[in-house]
Amino acid sequence: MAGEAAQALMDVETFLTWGAGTDTRHELVDGHPVAMAPPSEAHSVIVGNLVAALRRGLPAGCRVAVEAGIRPPNRPQRNYYQADIAVICGGKVGDGTPPCLLVEVLSDGTMDHDRGRKLHDYQFIETLRDVLLVWSDERRVQLVSRVPQGWLQRDFIADATLPLTSLGAEISLEEIYQHI
């Protein structure tokens, strides 16, 4: 009987109240809970660096959230992702206000999913203006920005500075990769 329950598809509401019995983080993908690997030290340092840099240039009324739960609007209620960082402008904490900027720090194990399915689903969030895809094993960031014609993808390497139009700010790769 327990095997049958584990195989039943979950909706987001069920997933949010579900307990896996472990400290492992999960995402909900097509109604199935998917365990997430623990972050590497490089991943954690990059997230910390990004939070500090983003908070410096944050417009009034905006906040930075780590491990933010994201419900993509284009899917039936069977998907729920954990973004490494979300910047949310307006609304109140916990009211479901959608983000204007999302960050995913990539590893070998998450790269295909983060740059594929998650990025695709994120692009249906109407308030979203920028997505940062940050490599944890090399000095490289991909900035995917909403433009009038659709989405523009740009790669930044070495000592580049990224324009974050969603925040009216810039962030350098030096800030992102400090202590890495």
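Residues numbered from 1 in each chain as written. Predicted model: local features only at pLDDT ≥ 70, side-chain atom pairs only at ≥ 80, totals over all residues. Heavy atoms only, no water.

Comments concerning the state of the cysteines
All chains considered together, the criterion is met by 1 disulfide. Paired through a disulfide, C62 and C89 show a sulfur-sulfur distance of 1.9 Å. Between C62 and C89 the disulfide shows an S-S torsion of about 110°. By sign, it is right-handed. Taken together, the residues C62 in strand β3 (residues 62–70) and C89 in strand β4 (residues 81–89) connect sequence positions 27 residues apart. Accessibility expressed as a relative area gives 16% for C62, which makes it buried. (Disulfide = S-S within 2.5 Å. Helix = DSSP H or I, 4+ residues; strand = E, 2+ residues; numbered from the N terminus. Buried < 20%, exposed > 50% of the residue type's maximum accessible area, 1.4 Å probe, protein only.)

Re the confidence of the model for the protein
The predicted model of the protein has a mean per-residue pLDDT of 89, with 93% of residues at 70 or higher. Below a pLDDT of 50 lies the segment residues 1–5, which in the model reaches 0 contacts outside its immediate sequence neighbourhood of four places, other chains included. (pLDDT = per-residue confidence, 0-100. Contact = heavy atoms within 4.5 Å.)

Quick notes on the nonpolar core
Judged by nonpolar contacts, the single largest core of 45 residues is most densely connected at L50, L132, V134, L162 and I176. Once residues within four sequence positions are removed from consideration, L50 is found in contact with I85, V103, V105, L132, V134, I171 and I176. Judged by nonpolar contacts, the second largest core, of 5 residues, contains M10, V12, L28 and Y80. (Core = buried A, V, L, I, M, F, W, Y, C linked by side-chain atoms within 4.5 Å.)

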